[in-house]
Structures are given as C-alpha cells and as structure tokens.
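# Summary of the model geometry
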Amino acid sequence: MAVDDALSSPLGPPACEKDAKALQFIEEITRNTDSVQEDVLAKILTQNAEVEYLKRFNLDGVTDRETFKSKIPMIRYEDLQPEIQRIANGDRSSILSTHPISEFLTSSGTSAGERKLMPTIKQELDRRQLLYSLLMPVMNLYVPGLDKGKGLYFLFVKSETRTPGGLLARPVLTSYYKSDHFKTRPYDPYNVYTSPNEAILCADSFQSMYTQMLCGLLEREQVLRVGAVFASGLLRAIRFLQLHWRELAGDIESGMLNKEITDPSVKDCMVKILKPNPKLAEFVRMECGKENWEGIITRIWPNTKYLDVIVTGAMAQYIPTLDYYSGGLPLACTMYASSECYFGLNLNPMCKPSEVCYTIMPNMAYFEFLPHDPAGFTHDSTPKLVDLADVELGKEYELVITTYAGLYRYQVGDILRVTGFHNSAPQFHFVRRKNVLLSIDSDKTDEAELQKAVENASQLLREFNTSVVEYTSYADTKTIPGHYVIYWELLVKDPANSPSDEVLNQCCLAMEECLNSVYRQGRVADCSIGPLEIRVVKNGTFEELMDYAISRGASINQYKVPRCVNFTPIMELLDSRVVSKHFSPALPYWTPERRR
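What comes next is a walk through the structure.

Conventions used here
Residues numbered from 1 in each chain as written. Predicted model: local features only at pLDDT ≥ 70, side-chain atom pairs only at ≥ 80, totals over all residues. Heavy atoms only, no water. Salt bridge = Lys/Arg side-chain N within 4 Å of Asp/Glu carboxyl O. Helix = DSSP H or I, 4+ residues; strand = E, 2+ residues; numbered from the N terminus. Buried < 20%, exposed > 50% of the residue type's maximum accessible area, 1.4 Å probe, protein only. Pairing = 2+ DSSP bridges. Contact = heavy atoms within 4.5 Å. Axes fitted to C-alpha atoms, helices over the stretch in contact; angles between N-to-C directions. 1 Å grid on protein atoms, 1.4 Å probe; cavity = no way out; pocket = protein on both sides within 12 Å on 5 of 7 lines; lining within 4 Å. Points joined across faces, edges and corners; volume = space filled by probe spheres on them. Nonpolar A, V, L, I, M, F, W, Y, C, P; charged D, E, K, R; others polar. Phe/Tyr/Trp six-rings, centres within 6.5 Å; stacked < 30°, edge-to-face > 60°. Lys NZ or Arg CZ within 6 Å of the ring centre and 35° of its normal. Polar contact = N/O pair within 3.5 Å; in protein donor to acceptor, adjacent residues only side chain to side chain. Disulfide = S-S within 2.5 Å. Arc of directions from axis to C-beta. Core = buried A, V, L, I, M, F, W, Y, C linked by side-chain atoms within 4.5 Å.

## Topic: the pattern of salt bridges
Opposite charge on two side chains lets them pair, provided their charged atoms get close. Enumeration according to the criterion identifies 36 salt bridges in this entry. Measuring nitrogen to oxygen at the nearest pair gives 3.0 Å for the salt bridge that ties Lys69 to Asp387. On the criterion of sequence distance, the pair formed by Lys69 in helix α4 (residues 65-71) and Asp387 in strand β13 (residues 386-387) is long-range, its members being 318 residues apart. Look at Lys69 and you get partly exposed, because its relative accessible area is 25%. Take Asp387: its relative accessible area is 11%, and that puts it in the buried class. The partner of Lys150 in a salt bridge is Glu219, and the shortest N-O contact between them spans 2.6 Å. Of this pair, Lys150 sits in strand β3 (residues 150-154) while Glu219 sits in the loop between α10 (205-218) and β6 (223-230), and the two are 69 residues apart along the sequence. Each of Asp34, Arg65, Lys69, Glu368, Asp387 and Arg409 takes part in one network of salt bridges that share partners.

Below is the structure:
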C-alpha cells in the first residue's frame, strides 16, 4: 500500500497508513520528552490530588516538579505495604488513586516470600494497549511481508486469586489476555496468531501448550515468526515437542484430538481446525524422530524470519540454546515492561541481543533515575534523582516511577545504562535486576533468600553432626527447564554417621520449601523450573576457589565467597571437585492463595 509522504517517518518507510500514524506518534512524543513528562506528572497529581497518600505529605494540590520532589519521598514496596494491604482487605477509600483500584497485578519480585501486589486501574489497559500497538509498525520497518503469514506464539494465562477484599490478583499478562482489549482485538493482517484465544486462555498449562503446538504444526507453512514472552518459555515449548511429538503426529494423522484435552472450549475450537492430514503427520514423525534437533525450528517452520522473545537480563543465558534450535535466527526483543508499568520499546528490534536498548515512551508514567555506581559506592546519602530528559550517556541508573495507578517515586529495582537517544528520548540497555542472584524464568532469588534456604536445609544435617562450611550457586540453563545448582562443602565430624543420599535429597527439597512463591509456582504449576540440585564438593574446594581469585588479582583481605558464579573457569574448578549430586525428590508446597 502506498503511503502519503506527509505521513512518512524518520524511522523508515512505513508498511501501511496505520503504521505511518504509529511511527509519527513515536516521533512526536520522543521529540518533546521533557514537556510530555512535565504534563504526565501534572495529570497524575491533578487526578490524584485528594488521595490520602499525597495529602499525608501536604502536597496541597500542587503539580510542579520541584514541589513534588521536595515533598514526596522515594519509596520501596515495603514502604507502601500497609496501604496496599488496606486496599487488598477491602478499603475502597481513595488511598493511592482517585480512580478505583480495579485489580492487583502480581509482580515477579517478592516481599516476605510472596509476590508483590501492584495496584492498577482500568485506564492502564488503554496505556498498555497503546504500547502494544506500536510494536508491529516498528517491526515492519525491518521485516517485510509479515502480513503474508502468522505468528506462532506460546502465550499462557497463570493462576489468579482474590484478596480478602475481593479484588483479583494475577500476573499482568494474564490480566491482558483475559481483557477485551486482547479477546476482541480487531483483525490486523500483520498480527495474526496460529494459537486460538481458547488455547491461550485455557488455565491447564498442558492442554494450553498441547493445542498451541498442534495449531502451530497444522499451519507450519504460514508461520513467519515464532515467539514466547521469555526465552525460557520458547525453550520449554521445544522441550514439550520433544516429549509429545508422537501424540501430536497421531492427532494430525487421524484428525482426532488427544483425549487428554478435556477443556470444552478448546475441544469445540479444535473440532473446526483439526482435519486428517497423514502427509503432515509423516513429516512431523520424520523430523522429530531424528536424533539431532539442531535447527529444529526452521526445519519444521521453514519460513520463520525471527524469534520474538526477551533475551535481555537473566534471559541472556538462553541465547546459545536458542541459536542451536533455530539455526541462528535473529532474536527480536521488542518491548520493556513490568507489573508496575509498561516502559518502552526497542526501535531497532533486529539488533544483536547484546546491543538491545529500549526507548522509554515519556507518556507511560513519570520517570526519574537514581544514579547507580556499578562498583557499589554511594557518595551521597540523599542522591538527587535525575529526570528522563537529563540522564547522561554511558551512566547507570535505577529506575524510579510515578504512575497514574498510585505509585509515587517508586523504586522498580531495574538497573539501566544510557546507550543513546532517539530525538530527546533516552535509550537504555537493561543491565540487571538489583540484588537478584538466581533466575531461571520469572523467578528472582536474592542472596538473603538463598542464605535462609541453605540454613533451613542444613538443619537436616544436625543429627549427623554435619554442617555446611561454604556454598555457592548458579542457574543451570542447559537443562530444559533450567534449575538451580547449589555447591556445598560439608564438614562431616563423624564419617561413620555421615548423611545418606536420601537425606541430601531431602535437603534439596528443604531449600525449595524455603524459596519464594514465584519460584515454587514455577516448580509446581508452570513447570518452568526443574528440581533443585545440590552438588557436594571435596573438602578444601572453596580454599582453592579463593586461591584462584587471588591469583587473578583479588585482595586476600577483601575476598568474599561469591554466592553465585557464572565464570567458566570457576565452574569447571567446582565441577571437577564434585563428589556427589542430589536432586529434590518431590515438589515443594505451593498454592495460588497468599499466605496470611
């Protein structure tokens, strides 16, 4: 379709008129970053002028930045927990927002072992939808012809619960998939999925994955892009195909759906889609039956142009495995979002994963940045926060947000580095989550949680007069799903009464029982994390580790055992000293209900 030159964009020639308007919007909003931000803060403060939280700090309806910054403190989740608990318990007064809190979005971060509850309002869905509407117009600049086929995306809803006051609490993507914005979205030839809504909305993860994979196989020639939210999710889909290709091929050959698929809406939907296709069934058996699965994605879906998955932050550990299964297809990271707020998008989505940077859209919330020293030094007890338009190239910051839904100067916990600018809007590379030690999927385990889990498990060693001398860990992503590996050096005081393999297996489970609810949900409900493993190493191993670190320049006076390792020589040293391996023998306890 020819597009009027007046609607053309500096980002590139748009694919259609609708795209042209979206790209023009990005240009306008990024050209006026600071004035947009000033306007956003004024709107938030005007809308919420009468809320209890702001009145507590005597803001008195003032909406200018200087007064806001001088009166409203920077906060973490724990500071807001009493207010959130009141809302969760049913208090409907204007505590954080004038608009009623419509539901809570459960964050993958945790507080006291439970998912954090992020307040949201109905109007936020429109803002999220706006950001989604910008993704394909940008992608179409780099990959032509995406309107000629479909996307095979593995999308899932997760369990939800209600707070004592009756509000829903669920992950942000579950909220979006269950909304009319998603379910009754208008047809867009550039954004058609192979997965029917019924399969995506099926709460049973096996049935959902099975039918989404089946639909992807049935339409293999039409698939132009393959994706999931996180890299780990796409690899889980490949592992699912490895385990279930025989049943899937049987369904394709007979035109009859697997009896394990019992969800009525999924069955009704699949009756219209599934027809006998012996030729396709034979193809699936031939490809999946081969021992070598290298390049399996392009072997089965030959027209795939790229993989659409998040591979920044902790997900970068999955890049080599994705390259193996895809034959090195480009990896597109399209957007940056969280439960607290949707932030921005990648204006160069086909860049290398190491070069991914996100342009924060200044209309989404009011953004401030806390200067962060990578070396860990803090020079100022009350550091000054920097506005979005004032961040400096090459510097690192912690993201701080003020949202329409009632978060004010809230520390998100993401560390970002400024890599450039699009017009006056800065572009950021996601460096890491603050204080996160281990992560496989959406779980985030910090050092304090790991320490507590080790202490909990080591209680089982007491009757054997044995203790954990030292420990470290890493996230093993070579297995699918990935799993935590904990290296233990033990002091066994009575070799005649040393702990058995069964006891050490139970130590693995005791550690898992002590980890946060996001980890345990990944183990139990989502099957996105494998059983925790303890590797017992020879005595003296951690001394060798210290000697190695000192030989590389570490100070003997300041050396501390790293609680997480990912440097190959260190891991090789540890693995060469392993004397036994132990795995969690059962699933830890988990329920969707929050602990009271």
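Back to the write-up after that little detour.
## A look at the sheet that holds strand β12 (residues 366-372)
Ordered in space as β9-β10-β11-β16-β15-β14-β12-β13, the 8 strands form an open sheet in which the pairing is antiparallel. In this open sheet, the two edge strands, each paired with only one partner strand, are β9 (335-337) and β13. Bridging between strand β14 (residues 396-402) and strand β15 (residues 410-422) involves 5 bridges; their strand directions are antiparallel. If you follow Glu396 over to β15, its bridge partner there is Arg417. Relative to the sheet, helix α2 (residues 33-47) contacts β12, β14 and β16 (425-433), its axis offset from that of β12 by approximately 110 degrees.

## Here we look at empty space enclosed by the protein
This structure, assessed with the given rule, holds 5 cavities of 30 Å³ or more. There is about 60 Å³ of room inside the largest cavity. Looking at the lining of the largest cavity, its residues break down into 4 nonpolar, 5 polar and 1 charged. One number sums up the size of the second largest cavity: a volume of about 50 Å³. The wall of the second largest cavity is formed by Leu105, Met118, Pro119, Thr120, Glu124, Arg128, Ser339, Glu340, Cys341, Tyr342 and Ala405.

## A look at the environment of Gly406
The topology assignment puts Gly406 in the loop between β14 and β15. For the pair formed by Gly406 and Glu340, sequence separation is 66 residues and the distance between their alpha carbons is 10.0 Å. The residues touching Gly406, leaving out its near neighbours within four places in the chain, are Leu80 and Leu96.

## Remarks on the packing of aromatic side chains
Evaluated as defined, the whole model comprises 21 aromatic pairs. Between the aromatic rings of Tyr210 and Phe240, the centroid separation amounts to 6.3 Å while the plane-to-plane angle is 80 degrees, which identifies the pairing as edge-to-face. Highlighted residues: Tyr210 in helix α10 and Phe240 in helix α11 (residues 231-254), separated in sequence by 30 residues. Like Tyr210, the residue Phe240 is buried in the burial classification. An aromatic cluster is defined as three or more aromatic residues linked by ring pairs; in this entry it consists of Tyr132, Tyr176, Tyr177, Phe182 and Tyr342. Above the face of the Tyr404 ring, Arg127 is positioned so that its terminal group lies 3.7 Å from the ring centre.

## A look at the side chain of Asp441
Positionally, Asp441 belongs in the loop between β17 (436-438) and β18 (445-446). The exposure class of Asp441 is buried, given its relative accessible area of 7%. Separated by 2.4 Å, the side chains of Asp441 and Ser232 make a polar contact.

## Quick look at the environment of Glu221
On the secondary structure map, Glu221 appears in the loop between α10 and β6. Classification of Glu221 as partly exposed rests on a relative accessible area of 48%. Discounting residues that sit within four places of it in the chain, Glu221 has contacts with Pro302 and Asn303. Only 3.0 Å separates the side chain of Glu221 from the side chain of Arg220, close enough to count as a polar contact.

## Some thoughts on the pairing of β15
Of all 13 residues in β15, 10 are buried; the element is thus mostly enclosed. Two elements, β15 and β16, share 8 bridges in a ladder whose sense is antiparallel. Counterpart to Val418 in the pairing with β16 is Phe428.

## Details of unusual backbone geometry
Across the junction of Ile480 and Pro481, the peptide omega takes the value -5 degrees, indicating a cis bond. Residue placement: Pro481 occurs in the loop between β19 (466-476) and β20 (483-492). Backbone geometry places Arg409, a non-glycine residue, at a positive phi of 55 degrees. For Arg409, the location among the structural elements is in the loop between β14 and β15. Even without glycine at this site, Asn435 takes up a positive phi of about 70 degrees. Tracing the chain through its elements places Asn435 in the loop between β16 and β17.

## Some words on the state of the cysteines
All chains considered together, the criterion is met by 0 disulfides. Cys215 provides the cysteine sulfur closest to Cys269, a residue in no disulfide bond, and the two sulfurs are 6.3 Å apart. Taking relative accessible area as the criterion, Cys269 reaches 9% and is therefore assigned buried. We note that Cys341 lacks a disulfide partner, and the nearest cysteine sulfur, in Cys357, lies 18 Å from it.

## Observations concerning helix α15 (residues 319-326)
Of the positions making up α15, those classed as buried are Ile319, Thr321, Leu322, Tyr325 and Ser326. The buried side chains of α15 occupy one side of the element, clustering within an arc of 160 degrees when seen end-on. At the exit of α15 stands Gly327, carrying a positive phi of roughly 70 degrees.

## Quick look at the nonpolar core
With 165 residues, the main nonpolar core has Leu241, Phe367, Phe369, Leu399, Trp488 and Met511 as its most contacted residues. For Met511, the contacting residues outside a window of four places in its chain are Leu450, Ala453, Val454, Ala457, Ile486, Trp488, Leu532 and Ile534. Among the nonpolar cores identified, the runner-up in size contains 14 residues, and Val485, Phe542, Ile570 and Leu574 belong to it.

## Side note on the sheet that holds strand β8 (residues 331-332)
Here we have 4 strands laid out as an open sheet, ordered β3-β6-β7-β8, and parallel in their pairing. In this open sheet, the two edge strands, each paired with only one partner strand, are β3 and β8. Here 4 bridges tie β6 to strand β7 (residues 306-310), and the two strands are oriented parallel to one another. From the neighbouring strand, Gly227 faces β7, where its bridge partner is Asp308. Seen against the sheet, α11 touches β3, β6 and β7 and runs at an angle of roughly 120 degrees to β6.

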